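Observations on the model geometry
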Amino acid sequence: MKKAAYYVLLAASIGVFAFSAYKVGSYLWEKHKSDQVTQEAAKYVQVEKTEDAELEMITVDFDALREVNSDVIAWIYCPDTQINYPVVQGSDNDYYLSHLLDGSYNANGTIFMDYHGAADFSDANNILYGHHMKTGAMFANLIKYKDPDFYKKHPCMYLFTPQQNYRLDLFAGLVVEADDDIYFGDVTMEQLQRCVSRSTFTAQTDIPAENPIVTLSTCSYEFDDARYIVLAELVPIEE
């Protein structure tokens with residue numbers, strides 16, 4: 001009986017190990033595949049580097065990107081982070097949670113705009129979603145804005161669209177509920193002031209008075225369905 005119990009326990013242990021190895025292997029493979037697809041897309045992004053180059057010298061071939069996927073609406077970039085991705089907009093807020101730019105199923109998903117939004121970023125509040133991957137992929141780097149020192153080193157991002165290029169001047173970052181008012185309809189000055197009062201960093205820029213904003217959203221884990229959002233003013237880059 002003891003020997004039988006030993007073999008049952010051994011078999012169970014081997015099964016648990018094999019399952020864990022499979023899950024880890026699948027996770028790493030999906031990360032590898034996601035990186036491949038992003039690198040392929042990055043071939044259509046040209047950066048002219050000089051000693052004092054400005055970021056408006058980055059150009060995106062949106063015609064070529066849209067041949068890969070017609071849902072592409074923008075490219076988002078944050079210097080010295082992993083945030084350097086195409087942005088898509090689907091017909092719902094579910095598909096791109098689990099699909100890459102090439103349409104393949106993948107837990108990393110793709111950075112996407114809320115399907116209710118205007119694809120040209122002309123809404124008062126333009127919402128972008130991305131997963132918080134343990135590998136640091138997608139919008140995982142947003143969580144780093146909980147550290148004020150990270151904000152000091154990365155106070156802005158850049159958004160490139162077929163119509164206009166923008167600098168994203170970040171003015172607040174905070175933890176919210178998944179059904180927070182920020183996700184629904186236009187935002188008021190009072191809402192934005194509340195966001196700033198709860199921000200994990202003190203911004204170098206004021207709440208925008210006229211320009212639209214972008215809300216970048218990812219998962220956080222302070223409580224069930226917590227989200228961490230970073231709010232930014234859309235500042236057009238003049239050619």
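Definitions and limits used
- Residues numbered from 1 in each chain as written.
- Predicted model: local features only at pLDDT ≥ 70, side-chain atom pairs only at ≥ 80, totals over all residues.
- Heavy atoms only, no water.
- 1 Å grid on protein atoms, 1.4 Å probe; cavity = no way out; pocket = protein on both sides within 12 Å on 5 of 7 lines; lining within 4 Å.
- Points joined across faces, edges and corners; volume = space filled by probe spheres on them.
- Helix = DSSP H or I, 4+ residues; strand = E, 2+ residues; numbered from the N terminus.
- Disulfide = S-S within 2.5 Å.
- Buried < 20%, exposed > 50% of the residue type's maximum accessible area, 1.4 Å probe, protein only.
- Patch = residues over 30% accessible without salt bridge, like charges linked within 9 Å, V, L, I, M, F, W, Y side chains within 5 Å.
- Areas by Shrake-Rupley, 256 points an atom, 1.4 Å probe, with all protein chains shown as cover.
- Salt bridge = Lys/Arg side-chain N within 4 Å of Asp/Glu carboxyl O.
- Lys, Arg positive; Asp, Glu negative; His and termini not counted.
- Charge placed at Lys NZ, Arg CZ, Asp CG, Glu CD.
- Phe/Tyr/Trp six-rings, centres within 6.5 Å; stacked < 30°, edge-to-face > 60°.
- pLDDT = per-residue confidence, 0-100.
- Contact = heavy atoms within 4.5 Å.

Following the criterion strictly, the structure yields one cavity of 30 Å³ or more and no others. Empty space within the largest cavity amounts to approximately 70 Å³. Taken together, Ser34, Val37, Thr38, Tyr85, Pro86, Leu100, Leu101, Gly109, Thr110 and Met138 make up the lining of the largest cavity. Those elements that provide at least two residues to the lining of the largest cavity are helix H1 (2-42) and strand S4 (84-88). It is H1 that provides the largest number of residues to the lining of the largest cavity, a total of three residues.

Another aspect to go through is the state of the cysteines. Taken as a whole and judged by the stated rule, the model has zero disulfides. Just so you know, Cys78 is unpaired, no disulfide at all, and the nearest cysteine sulfur is the one on Cys156, 7.5 Å from it. By relative accessible area, which is 0% here, Cys78 ends up buried.

Next up on the list: a negative patch on the surface. A cluster of acidic side chains, namely Glu177, Asp179, Asp181, Asp224 and Asp225, defines a negative patch on the protein surface. Its place among the elements puts Asp224 in the loop between strand S9 (213-219) and strand S10 (226-236). Taking the relative accessible area as the measure of exposure, Asp224 reaches 71% and is therefore exposed.

Let us look at the packing of aromatic side chains. Two aromatic rings are characterised by how far apart their centres lie and by the angle between their planes. What the rule picks out here adds up to six aromatic pairs. Summarising the aromatic geometry, the rings of Tyr95 and Tyr96 are spaced 4.9 Å apart at their centres and angled 85 degrees between planes, so their arrangement reads as edge-to-face. Taken together, the ring pairs connect Tyr145, Phe150, Tyr151 and Phe201 into an aromatic cluster.

Of the residues in the protein chain, 83% have a pLDDT of 70 or more, and the chain-wide mean is 87. Here H1 stands out as the element of the protein chain with the lowest mean pLDDT, 62, in contrast to strand S5 (residues 112-113), whose mean of 98 is the highest. Across residues 17-24, confidence stays below pLDDT 50; counting only partners more than four residues off in sequence or on other chains, it has zero contacts.

This paragraph deals with the pattern of salt bridges. The full count for this structure, using the stated rule, is six salt bridges. A salt bridge links Lys146 to Glu222; the nearest nitrogen and oxygen atoms lie 2.6 Å apart. A residue pair is termed long-range when its members are at least 10 positions apart, and Lys146 in the loop between strand S6 (125-129) and helix H3 (148-153) and Glu222 in the loop between S9 and S10 qualify at 76 residues. The partly exposed category is assigned to Lys146, whose relative accessible area is 29%.

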